[in-house]
Amino acid sequence: MEKTEGEKKMNFDEIYDRKGTHCVKYNAVKTAQRPQDALVMTLADMDLPCCPAIQQAIIERAEHPFYGYQQFDEELPEVVCAWAKAHSAALLDPRTIQITPSVNTAIALCLRAFTKPGDGILIQNPSYSPFRKVVTLNQRRCVMNELIQKEDHYELDMDDFEAKLQEVRLFILCSPHNPTSKVFTREELDAMLSLCRKYQVTVLADEIHADWVYGTMTAASAVDQNVITILSPSKTFNLQGMQCSFVFIPDANQAQALQHERDSLAYMNNQTFSHAAALAAYSPAGETWLQQAKAYVSQNAEIFKTMLKEADVPLMPMRLQSTFLLWVDCSGCCNNDAEVVDLFENRCHIYGSSGSHYQCEKPFIRLNIAAPRSVIEVAAQRLIHVLSKSDRQEA
């Protein structure tokens, strides 16, 4: 029997030229400033081909010659909730769904709906920079709870977490955590969410990376059904250009407040292609693609780590618990952010996101490893060559 598109083995080794596609990652101005052999491993935007079923769904929708006002039907919320329950034990009510263009937009709307200027917003550091930006631009205060690095992973500082809760109104729970890839255990989630209830702090769970976990993922809603959950197929299936995310708000008053913010911006559910793309993504074909992609990226991480370890170079990739973003400790050879940039960009022509983007005081870099295997191998080879050469010069 011939395999369907969803069952075929994906070829993730092929390199695609994305220049000239108006892709932010390969911005024409930035590309012109970089060397021709640049390896771009910055944004959380995969260089792996999309799930064929999604592409086909978009093509079929495009063949209909009308692209007018679009609304989401009753099927999609049910599909999203079922998918989330299967992948992270999430307990979400499809009747509580609201649509926003992106997770960051959803967070901004929630900040405006549930807090007021001057209120403290709790964020865990190292932190995804758009969180801090949206808090600041909306005249709220960033209150940071530092995660504690323990060799190749991070742990919670619960004493500091509780102390900080007493000066905030809302906690942005990034789960799984970006950039560290930490996956919070059920016990850790229970400890944090219990304290949030104690101090009456609203919890906003950004679970955009929930599908890219290499072990067991527990959704915040599986522990406390009062949390506000934000999901999107964008990171899971590389559909950022579709501009679609889902917010689940159990509390009726909060739901009304968020709807008011959406209405004040005249935001309408007007995504012609994202509906078709999302339905195709949250399907057996999407599941098959995702499992293949995760296995490929996981092997990319192991190959990169093994090559560096065998060459005895002073770089330590952190344990990859989730995402396709490798968080690399560069403190063995770099003293600060400037030296990280010099090593990777100037000397190796590798473009990642250095630690300063995440308010990390130690020299780190985040590398997007959702790329063809040859890119990963070349990146490791360049680092090995440059750092080995440095060792010989120092000797």
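Below or above, wherever it landed, is the structure these notes cover. Model, not experiment: these values are computed from the prediction. (Residues numbered from 1 in each chain as written. Predicted model: local features only at pLDDT ≥ 70, side-chain atom pairs only at ≥ 80, totals over all residues. Heavy atoms only, no water.)

## So, the sheet that holds strand S10 (residues 245-248)
Then step 1. The seven strands are arranged S2-S10-S9-S8-S7-S3-S4 in an open sheet whose pairing can be described as mixed. Because the sheet does not close on itself, it has two edges, and the strands there are strand S2 (97-100) and strand S4 (141-146). Ignoring which end each strand starts from, the neighbouring axes of this sheet average 25 degrees apart.
Then step 2. Sheet topology places strand S3 (residues 120-125) next to strand S7 (residues 170-174); two bridges connect them, and they run parallel. Bridge pairing in S7 places Ile-121 opposite Leu-170. (Pairing = 2+ DSSP bridges. Helix = DSSP H or I, 4+ residues; strand = E, 2+ residues; numbered from the N terminus. Axes fitted to C-alpha atoms, helices over the stretch in contact; angles between N-to-C directions.)

## Overview of the packing of aromatic side chains
Then step 1. Per the stated rule, a full pass over the model turns up twelve aromatic pairs.
Then step 2. Both rings, one in Phe-161 and one in Phe-171, keep their centres 5.1 Å apart while their planes meet at 75 degrees; by these two values the pair is edge-to-face. Residue Phe-161 is located in helix H6 (residues 158-165), and its partner Phe-171 is located in strand S7; the two are separated by ten residues in the primary sequence.
Then step 3. Note on Phe-171: relative accessible area 0%, which makes it buried.
Then step 4. Residues Phe-237 and Tyr-282 carry aromatic rings whose centres are separated by 6.1 Å and whose planes lie at 85 degrees to one another, so their mutual orientation is edge-to-face. Of the two residues, Phe-237 sits in helix H9 (residues 234-237) while Tyr-282 sits in the loop between helix H11 (274-281) and helix H12 (284-310), which places them 45 residues apart along the sequence.
Then step 5. Residue Phe-237 is classed as buried on the basis of its relative accessible area, which comes to 0%.
Then step 6. An aromatic cluster is defined as three or more aromatic residues linked by ring pairs; in this entry it consists of Phe-12, Trp-83, Phe-237, Tyr-282, Trp-289 and Tyr-296.
Then step 7. Positioned above the aromatic ring of Tyr-351, the side-chain terminus of Arg-34 is 4.5 Å from the ring centre.
Then step 8. Sitting over the face of the ring of Tyr-296, Arg-373 holds its NZ or CZ atom 4.2 Å from the ring centroid. (Phe/Tyr/Trp six-rings, centres within 6.5 Å; stacked < 30°, edge-to-face > 60°. Buried < 20%, exposed > 50% of the residue type's maximum accessible area, 1.4 Å probe, protein only. Lys NZ or Arg CZ within 6 Å of the ring centre and 35° of its normal.)

## Here's the deal with a negative patch on the surface
Then step 1. Where like charges cluster on the molecular surface, the negative patch consists of Asp-73, Glu-74, Glu-75 and Glu-78.
Then step 2. Among the secondary structure elements, Glu-75 is positioned in helix H3 (residues 75-88).
Then step 3. Residue Glu-75 is classed as partly exposed on the basis of its relative accessible area of 44%. (Patch = residues over 30% accessible without salt bridge, like charges linked within 9 Å, V, L, I, M, F, W, Y side chains within 5 Å. Areas by Shrake-Rupley, 256 points an atom, 1.4 Å probe, with all protein chains shown as cover. Salt bridge = Lys/Arg side-chain N within 4 Å of Asp/Glu carboxyl O. Lys, Arg positive; Asp, Glu negative; His and termini not counted. Charge placed at Lys NZ, Arg CZ, Asp CG, Glu CD.)

## Some remarks on the side chain of Asn-138
Then step 1. Here Asn-138 shows up in the loop between helix H5 (129-137) and S4.
Then step 2. Asn-138 gets classed as buried once you look at its relative accessible area, which sits at 8%.
Then step 3. At 2.9 Å, the side chain of Asn-138 and the backbone oxygen of Val-134 are in polar contact.
Then step 4. Those residues in contact with Asn-138 that sit more than four places away from it in its chain are Ala-108, Arg-112 and Pro-117. (Polar contact = N/O pair within 3.5 Å; in protein donor to acceptor, adjacent residues only side chain to side chain. Contact = heavy atoms within 4.5 Å.)

Nothing here speaks to function; it is geometry throughout.
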